[in-house]
Amino acid sequence: MDDFFLLSLSTLDSTLRLSTPLILCAMAGIFSERSGIIDIGLEGKLLAGAFAAAAMAAYSGSAMLGLIAAIITSISMALLHGFACITHKGNQVVSGLAINILASGLTVTFGIAWFHQGGQTPNLSGDARFSPITFPGAEMIREIPFFGPIYTELLSGHNLLVYVAFLAVPLTWWVLYKTRFGLRLRAVGENPQAVDTAGISVTFLRYRAVICAGILCGIAGAYLSTAHNAAFGREMSAGQGYIALAAMIFGKWRPVPGLLACLLFGFLNALAFRLEGVSVPGIGQIPVQLMQSLPYVLTVILLAGFIGKAIAPKAIGRPYVKER
Amino acid sequence: MKKLFQTAAASFIAMAAATSYADEIKPAVVFDMGGKFDKSFNEGVYNGVEKFKSETGIEYKEFEVTNPSQREQAIRKMAQRGSNPIIGVGFAQEAAIAKVAQEYPDIHFTIIDAVVDLPNVQSVVFKEHEGSFLVGVLAAMASETNTVGFIGGMDIPLIQKFACGYAQGAKYVKGDASVLSNMTGTTPSAWNDPGKGSELAKSQFDRGADVIFAAAGGTGIGVYQAAKDAGKLAIGVDSNQNHLQPGTMLTSMTKQVDVAAYNTFKTAMEGTWKPGILSLGLAENGVDWALDDNNKSLITDAMTAKVKEAREEIVAGKISVHDYMEDNSCPSL
């Protein structure tokens, strides 16, 4: 029983680590899509951010500078996306895909040119990475049954960016639902004409929304390469941007349900790692392939019947044209 | 006149061919997924061919495969351009080499890590189970929890062979040692997924392992990092990877792929290249474990002595290390 408790704790621990980039990207997606801009480019911004963070951290030896570089890079990708589909009213899906392809190619090209390691960046250590933060008193209360291990194993001992990701959710909620900016942002995604009539610039609002998305994707990228791992490897985002996109739709473009969807995906992934090669009492060994396909199967089933209809913001995907 | 011109042209071509054949070879190498800087298998080959280049000054053609459909294309392209010999790196190129080698019977091919039975192909295979046995011995002796882990790349018999030899070695020194074994995935992307490697390593540490042997190409980098972060030990593979995380790399199971690649070019240059199967084990120094400045503080005299003893017994045939690929089963796991 005790073993089981510790094992489930470590699975939850791993869930937090694995869902961090998903949460940040899903919140980024919410900002962008609530303002009416489809954001397929989450994956590309994530990857570009990861590369920028690792490259900067390797060069300067500081994880913080890496984070800043990641955010700047990701914002510039977001602005490019904005320039194509807000200013020039291009197709948002095409522009997003272009961002993804651009990031996938550019990161490897720059990686080879700068570091000569086949697109990887040098291994980071020490200050060049975000190190675990141990909460005060974590060692002291470890011995307290039940609450001790939860505090020391689960809550304490993650790196800064994990906590940032979880703080990003209430922050997103607050900005979207409690501030004037949030109200206008949601309005511009539903009915841009009305916002325009009220004398507020649709273009400027949407630009600010994609910049918010860029910031969050940049943090997620820095997490991938300088916190969770210790170097950039080609294609290291491995489709997580798309999974975050799915989680966001899953959560119906709302921060808290989006968070839960990300945690679910993270948990299934963590479970797959833990259950691999382990005999489950009563069932026997579960095939790895089954575990690996579970997140996708579950997404299809849940989306098909259980969460109800996901209704997108009304003006999503449509560039705003003032006069015809 | 026309006839004369034809003869002249033919003899000119023949002459050109003859001179280029004798001393100037045009070697080529096709790396596999993971890339030539995977700090592991492909990089071993890269080091071997680079050594050849710096010694002889002969340039070689190279290609890094980034998706499975490129293998055959790349090898055929090399053959069309008249490269000879051509090295195919990795078991995954087996089918591609077999096909192209039949189309170009005059070109010499060397495949590393797989067997292609054709008159113009040299197959270099390693007895990885023997090397894995030795690092298994070291892992079990270094382990305080009596639990050691194995993380493989793609789930294929070749990698099971590593796992099996490793488990047998661990159980040879400590009969009651438990061995955890995980595979990263079932597709070639499993060779290049450090994030997953690090999560798998953390899950094995949670289950009690304190030494993990990773035979997983680029994925291994994540395993070594996780071991360093957790203050546990890891074992590298293929190339000497001790320098990647000094102090927490217990050792590396090395395959002399660099020597194999170097020898292919060298023998081709000297005209002594031969087709057939080269099987390199402990007796041939084809596999070994790495000891250098980065890990000597982790290796005790007792461990060195025990490994030496095990090696001698394997070479003398007193211990027979089970080869997973013979019957696709592993008695020790």
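Sequence positions are assigned chain by chain, starting from 1 and proceeding in written order. Naming scheme: in the order in which they are written, chains are lettered from A and ligands are numbered from 1. Confidence filtering applies because this is a predicted model: local features only for residues at pLDDT of at least 70, side-chain atom pairs given and counted only at 80 or more, and all residues used for totals across whole chains, interfaces and linings.

1. A word on the overall build of chain B
When its secondary structure is counted, chain B shows 11 helices and 12 strands. Taking 20 Å as the expected radius of gyration for a compact globule of 333 residues, we find that chain B reaches 22 Å, a close match to that expectation. Labels follow a simple rule on C-beta atoms placed from the backbone: if 20 or more others lie within 10 Å of a residue's own, it is buried; if 12 or fewer, it is exposed; otherwise it is partly exposed. For chain B, buried positions account for 56% of its 333 residues. Sequence separation of 24 or more characterises 69% of the internal contacts of chain B that already satisfy a separation of 6 or more. Here a strand is any run of E in DSSP of at least two residues, a helix any run of H or I of at least four, and the numbering for each starts at the N terminus. Radius of gyration means the value over C-alpha atoms here, while the globule rule gives 2.2 Å times the residue count to the 0.38 power. Any residue pair is listed as a contact if its two C-beta atoms, each placed from the backbone, are within 7 Å.

2. Describing the confidence of the model for chain B
Residue and element names in this part refer to chain B. pLDDT expresses how confident the predictor is about each individual residue, on a scale running from 0 to 100. When pLDDT is averaged across chain B, the result is 88; 93% of the residues are at 70 or more. Note that pLDDT drops below 50 for residues 13-22; the model gives that stretch zero contacts with residues more than four away or on any other chain. Among the prediction metrics, the complex's ipTM stands at 0.73, with pTM recorded as 0.79.

3. Comments concerning the interface of chain B and chain A
With 22 residues of chain B at the contact, the number on the chain A side is 20 residues. Where the side of chain B that touches chain A is concerned, the elements lending two or more residues are β7 (178-185), α7 (194-206) and α8 (219-230) of chain B. With eight residues, the single largest contributor to the side of chain B that touches chain A is α7 of chain B.

4. Structural notes on the packing of helix α6 (residues 160-178) of chain A against helix α9 (residues 202-228) of chain A
All names here are of chain A. Two elements in contact, α6 and α9, have axes whose closest approach is 10 Å; the angle formed by their N-to-C orientations is 155°. The angle between α6 and α9 falls in the class roughly antiparallel. For the element pair α6 and α9, the recorded crossing hand is left-handed. Where α6 abuts α9, its residues Leu 161, Val 164 and Ala 168 lie against Leu 216, Ile 219, Ala 222, Tyr 223 and Ala 227. In terms of residue class, the contact of α6 with α9 is built from eight nonpolar, no polar and no charged. The angle between two axes is taken between their N-to-C directions and runs from 0 to 180 degrees, where each axis is a line fitted to C-alpha atoms and a helix contributes only its stretch in contact. Each angle receives one of four descriptions, namely roughly parallel if under 35 degrees, roughly antiparallel if over 145, roughly perpendicular if within 65 to 115, and oblique otherwise. Each crossing gets its handedness from the near helix: less than a right angle anticlockwise from the far helix is left-handed, clockwise is right-handed. For this scheme, ten residues count as nonpolar: Ala, Val, Leu, Ile, Met, Phe, Trp, Tyr, Cys and Pro. Four count as charged, namely Asp, Glu, Lys and Arg, and the remainder, Gly too, count as polar.

5. So, the nonpolar core
The nonpolar core criterion groups buried Ala, Val, Leu, Ile, Met, Phe, Trp, Tyr and Cys residues into a set whenever they are joined through C-beta atoms within 7 Å. In this structure, Val 30, Val 45, Leu 138, Ala 139, Ile 212, Val 223 and Ala 234 of chain B are the most contacted members of the largest nonpolar core, which totals 101 residues. With nine residues, helix α6 (residues 157-173) of chain B is the single largest residue contributor to this core. Domain assignment of the residues forming this core places at least three in each of domain 1 (15-126 + 258-280) and domain 2 (128-255 + 300-327) of chain B. Setting aside chain neighbours within four positions, we find Val 30 of chain B in contact with Phe 63, Val 65, Ala 74, Ile 75, Met 78, Ile 86, Gly 88, Val 89 and Gln 93 of chain B. Formed by 84 residues, the second largest nonpolar core is a distinct cluster that contains Ala 54, Leu 67, Val 195 and Ala 220 of chain A. Just so you know, the domain bounds were taken from an automatic or database domain assignment.

6. With respect to the domain arrangement of chain B
All names here are of chain B. Partitioning chain B into structural domains gives domain 1 (15-126 + 258-280) and domain 2 (128-255 + 300-327). The C-alpha centroid of domain 2 is placed 29 Å from the C-alpha centroid of domain 1. At the interface, 13 residues of domain 1 touch 15 residues of domain 2. Per-element accounting of the side of domain 1 that touches domain 2 gives the leading share, three residues, to helix α2 (residues 41-56). Tallied by class, the residues present in the side of domain 1 that touches domain 2 amount to six nonpolar, three polar and four charged.

7. Looking at the sheet that holds strand β9 (residues 233-238) of chain B
Residue and element names in this part refer to chain B. Note on pairing: DSSP must find at least two bridges between two strands before they are called paired. Strand order in the open sheet formed by six strands is β7-β6-β8-β9-β10-β12, and the pairing between neighbours is mixed. Each having just a single partner strand, β7 and β12 (287-289) make up the two edges of the open sheet. Put simply, the sheet's adjacent strands are angled 15° from each other on average, direction ignored. Along the sheet face, α7 touches β6 (147-154), β7 and β8 (211-215) and points at about 160° away from the line of β7.

8. A short note on unusual backbone geometry
Negative phi is the rule for most residues except glycine; trans is the rule for most peptide bonds. Looking along the chain, the bond that leaves Asn 84 of chain B and enters Pro 85 of chain B is cis, with omega of 0°. With respect to the secondary-structure elements, Pro 85 of chain B resides in the loop between α3 (70-80) and β3 (86-89).

9. Description of the environment of Ala 114 of chain B
Residue and element names in this part refer to chain B. For Ala 114, the location among the structural elements is in the loop between β4 (109-112) and β5 (121-126). For the pair Ala 114 and Glu 94, spaced 20 residues apart in sequence, the C-alpha separation works out to 6.2 Å. Setting aside residues no more than four positions away along its own chain, Ala 114 makes contact with Phe 91, Glu 94 and Ser 123.

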